[in-house]
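This is what each chain is made of:
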Amino acid sequence: MAVTRTFSIIKPDATRRNLTGKINAMLEDAGLRIVAQKRIHMTADQAGKFYEVHKERPFYQDLIKFMTSGPVVVQVLEGEDAVKTNRDVMGATNPADAAEGTIRKAFAENIEANSVHGSDSDENAAIEIAFFFSGTEIVG
Ligand code: CMP
């Protein structure tokens, strides 16, 4: 298996409850290294573009509202098969389906306010990383 990168967001429900450190500890315990990180307040334009793939879904407008409701922490994570490693530690999108020991089981409030986002493929990871970070901001 190769060392790869993935993109992660600690969402507004988690920053509001001051959970950034606890979530980062779970990411690191899963074997991921945080090689870039910044706390930002997304604009509606940024959130709309980032989640454009969901624009026909009924939850799209609410999702934009939620993602711009407070600060988020955007991150680049590096590790063995980073996309899968991160998805495993995040748990299922809906916290009701998330396994014990996952971030969403521990912290997510509901299917929307689900504490973290993680890329679903290496291809999307590259796109999502480039959306928020320049090459010089990532220090492996
Ligand atoms: P995320 O992994 O960031 O991808 C899309 C987001 O939309 C998802 O996490 C949730 O925050 C939000 N969302 C809200 N409702 C749903 C739903 N019914 N199915 C999937 N995602 C949803």
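Let us look at the structure shown here. (Residues numbered from 1 in each chain as written. Predicted model: local features only at pLDDT ≥ 70, side-chain atom pairs only at ≥ 80, totals over all residues. Heavy atoms only, no water.)

### Here we look at the overall build of the chain
Each helix and strand counted, the chain has seven helices and four strands in total. Along the chain direction, N to C, the helices and strands of the chain fall in the order β-α-α-β-α-α-β-α-α-β-α. By the compact-globule yardstick of 14 Å for 140 residues, the chain fits well, its C-alpha radius of gyration being 14 Å. Taken across its 140 residues, the chain has 47% of its residues classed as buried. Across the chain, every contact between residues at least 6 apart in sequence was considered, and the portion connecting residues at least 24 apart equals 79%. Within the chain, one finds 16 positive and 20 negative side-chain charges whose respective centroids are separated by 5 Å. (Helix = DSSP H or I, 4+ residues; strand = E, 2+ residues; numbered from the N terminus. Rg over C-alpha atoms; globule rule 2.2 N^0.38 Å. Buried < 20%, exposed > 50% of the residue type's maximum accessible area, 1.4 Å probe, protein only. Contact = heavy atoms within 4.5 Å. Lys, Arg positive; Asp, Glu negative; His and termini not counted. Charge placed at Lys NZ, Arg CZ, Asp CG, Glu CD.)

### Digging into the site of the ligand
Every residue near the ligand is listed here: Lys-11, Tyr-51, His-54, Phe-59, Leu-63, Thr-93, Arg-104, Ile-111, Glu-112, Asn-114 and His-117. Between Glu-112 and the ligand, the recorded distance is 2.8 Å, taken from a backbone N or O atom to an oxygen atom. Contact between the ligand and Asn-114: an oxygen atom at 3.3 Å from a side-chain N or O atom of the residue. Grouping the constituent residues of the shell around the ligand by class yields four nonpolar, four polar and three charged. (Near = heavy atom within 4 Å. Polar contact = N/O pair within 3.5 Å; in protein donor to acceptor, adjacent residues only side chain to side chain. Nonpolar A, V, L, I, M, F, W, Y, C, P; charged D, E, K, R; others polar.)

### Side note on unusual backbone geometry
At Asp-81, a position not held by glycine, the phi torsion is positive, near 45°. Relative to the helices and strands, Asp-81 is located in the loop between β3 (72-80) and α5 (82-90). Look at Ser-115: it is not a glycine, yet its phi comes out positive at around 70°.

### Focus on the environment of Ile-138
Tracing the chain through its elements places Ile-138 in the segment after α7 (122-132). Overall, Ile-138 belongs to the buried group, its relative accessible area being 15%. Residues in contact with Ile-138, not counting those within four places in the same chain, are Arg-5, Val-35, Ala-36, Val-76, Ile-129 and Phe-133.

### A closer look at the side chain of Thr-6
Looking at the element boundaries, Thr-6 is found in strand β1 (residues 3-10). If sequence neighbours within four positions are ignored, Thr-6 has contacts with Gln-75, Val-76, Leu-77, Ala-82, Val-83, Asn-86, Ser-119, Ala-125 and Ile-129.

### A short note on the packing of aromatic side chains
Counting across every chain of the model gives six aromatic pairs. Here Phe-7 and Phe-132 contribute two aromatic rings whose centre-to-centre distance is 5.4 Å and whose plane-to-plane angle is 0°, an arrangement assigned as stacked. Residue Phe-7 is found in strand β1, and its partner Phe-132 is found in helix α7; the two are separated by 125 residues along the sequence. By relative accessible area, which is 0% here, Phe-7 ends up buried. A relative accessible area of 8% means that Phe-132 is categorised as buried. With a centroid separation of 4.9 Å and an interplanar angle of 70°, the aromatic rings of Phe-131 and Phe-132 are classed as edge-to-face. Following the ring pairs from residue to residue traces out a cluster consisting of Phe-7, Phe-50, Tyr-51, Phe-131 and Phe-132. The side chain of Lys-38 reaches across the aromatic face of Phe-133, ending 4.7 Å from its centre. (Phe/Tyr/Trp six-rings, centres within 6.5 Å; stacked < 30°, edge-to-face > 60°. Lys NZ or Arg CZ within 6 Å of the ring centre and 35° of its normal.)

Worth remembering: the numbers are spatial, not functional.
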